[in-house]
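Coordinate analysis (summary)
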Amino acid sequence: MAKKQTVHVKVNGMQREADVEPRLLLVHFIREKLGLTGTHVGCDTSNCGACTVVLDGKSIKSCTVFAVQADGTEILTVEGLFKDGKLHPLQEGFKQEHGLQCGFCTPGMLMSTYALLQKNPAPTEEEIRWGISGNLCRCTGYQNIVKAVQYAAGKLAKTAEPLVEEGVAK
Amino acid sequence: MIPPSFEYLQPKTIPEAIAMLQQHGDAAKILSGGQSLIPMMKLRLARPGFLIDINRISGLSHIKEEGGYLKIGGLTREAELEASPVVRSKYPIIIDTAHVIADPQVRNLATVGGNLAHGDPANDHPATMIALDAQIVASGPKGERIIPIENFFVSLFTTALQPDEILTEIRIPFLPPRSGGAYFKLERKVGDFATAAVAVQLTLDGQGACQKAGIGLTNVGATPVKARKAEDFLRGKKLDDATIKQAGQLASDEAEPSADLRGPVEYKKGLVRELAKRALTRALERAGK
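1. A short note on the environment of Ile136 of chain B
All names here are of chain B. Following the sequence through the fold, Ile136 ends up in strand β6 (residues 135–140). Separated by 16 residues in the primary sequence, Ile136 and Phe152 place their C-alpha atoms 7.7 Å from one another. Excluding its chain neighbours within four sequence positions, the residues that come into contact with Ile136 are Leu116, Ile147, Ile149, Phe152, Leu167 and Ile170.

2. Examining the interface of chain B and chain A
Facing the 23 residues of chain B at the interface are 24 residues of chain A. Listed by contribution, the elements that provide at least two residues to the side of chain B that touches chain A are β1 (7–9), α2 (37–42), β3 (50–53) and α6 (104–109) of chain B. Considering every element that reaches the side of chain B that touches chain A, the biggest residue donor is α6 of chain B, with five residues. Its residues assigned to classes, the side of chain B that touches chain A comprises 12 nonpolar, seven polar and four charged.

3. Section: the domain arrangement of chain B
All names here are of chain B. When its domains are assigned, chain B resolves into domain 1 (7–53), domain 2 (63–173) and domain 3 (179–284). Here the C-alpha centroids of domain 2 and domain 3 sit 19 Å apart. The interface is formed by 21 residues belonging to domain 2 together with 23 residues belonging to domain 3. For the side of domain 2 that touches domain 3, the secondary structure elements donating two or more residues are α5 (92–99), α8 (125–131) and β8 (153–155).

4. Some points on the nonpolar core
Residues and elements named next belong to chain B. Membership of the largest hydrophobic core comes to 137 residues, with the highest contact counts inside it found for Val198, Ala251 and Ala279. It is helix α11 (residues 265–288) that provides the largest number of residues to this core, a total of eight residues. In contact with Ala279, not counting residues within four places along its chain, are Ala182, Tyr183, Phe184, Val198, Ala199 and Val200.

5. Details of helix α10 (residues 241–254) of chain B
Residues and elements named next belong to chain B. For α10, with 14 residues, the first-to-last C-alpha span of 20 Å sits near the 20 Å given by 1.5 Å per residue. All of the buried residues along α10 are Ile244, Ala247, Gly248, Leu250, Ala251, Ser252 and Glu254. Looking at the packing, one finds that the buried side of α10 touches β12 (196–204), β13 (210–218), β14 (225–226), α9 (228–234) and α11.

6. Some remarks on the pairing of strand β4 (residues 63–66) of chain B
All names here are of chain B. Note that β4 and strand β5 (residues 69–73) share four bridges and pair antiparallel. Looking at β5, one finds that Glu65 is bridged to Leu70. Counting the residues that bridge the hairpin from β4 to β5 gives two residues, and of these Gly67 lies at a positive phi of roughly 55°.

Quick notes on the rules
- Residues numbered from 1 in each chain as written.
- Chains lettered and ligands numbered in written order.
- Predicted model: local features only at pLDDT ≥ 70, side-chain atom pairs only at ≥ 80, totals over all residues.
- Helix = DSSP H or I, 4+ residues; strand = E, 2+ residues; numbered from the N terminus.
- Contact = placed C-beta atoms within 7 Å.
- Nonpolar A, V, L, I, M, F, W, Y, C, P; charged D, E, K, R; others polar.
- Domains from an automatic or database assignment.
- Core = buried A, V, L, I, M, F, W, Y, C linked by C-beta atoms within 7 Å.
- Buried ≥ 20, exposed ≤ 12 C-beta atoms within 10 Å, placed from the backbone.
- Expected span 1.5 Å × (residues − 1).
- Pairing = 2+ DSSP bridges.

Next up, the structure:
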């Protein structure tokens, strides 16, 4: 067995660390070492996007990254969206617009669209659909997911609050 | 799926990385974006004992025009290519290509260098770099050497890189005026590898005839294919419906696809014929601008 290495990551604003084998996937690190099971393992082959988290401001598939690669980075998972007792506008949007059924793809969808709205706060429908093209949903047919993102974009534009919390990379 | 155990190394410089490659030989693999390598490791199709992560090395990630070339650092992410103003305005074929590689999340990590060095004929940049007549800069213990792209792809998952070399830069010669290119890919769904894809880069002469043509084919052979016969045919000719159709047929003849879940051989060859026609038409359009 390879030597364990210590990984230091800031996750949802909190400094975390653990000793891990190099072959530990980031998704397993998040779920099992950190206990954050909102991030899901779907296909395990880099297709479905259920494992999507935001690392240093970029949406990535955490099943295709080793935890050791994330040393020194900042990660936002779905658990980090709820803040100060309030749902993030994306979470509100998914609720209002019925953007989920079984909910399995939803954390990945939320994190992909979070990253999308960071870069493009007023996406067209086509841009939203392109933005979630790395996330598969077997239940909804994507229609209400698109509406949820449009809801969130509208809400964020109105409140004009910064999307980025201090400590979470842009 | 869990890869077998490996040692994880994080060199801070290229010489350090090369020394690690020399030390561990065949047991070592370079980790760039990891978006091709890590899935293979998870399936245990690749089992490096040592992973040399080059992501912390500076100076490998750039897009700049210099000395007659567009120089792209090997560690440049696909997403960075997509966003680059110089690539978008002057090398749209590269944007076409980056755009259809996997999906947004993968493109945030996947690198151009990795896409080429992996040696997978199903990756998209090889055909485009063939069409662009690119050069690969390989850095090894004796320094840098230039590998012309047409010599770079040797066989399935094998490139001309020596075990102690790292692909550090891709150089694309400046495009003359009246140049245009396009990349057309058919995939079963967004994010898939190509059922087939064609890259075309043209330069027209003063009379509007083809001065130079570069044509690369994706996923229709053990390596990416340079459609030489189609290229030679077009040289000196005016591109009209008849010549484009003929060129498409020649490109299709040079394709050697395998039958698989994406389709039978004749289907894929037919795709090459049609995609070549569309790519030639779009390239011609762009050359006219």
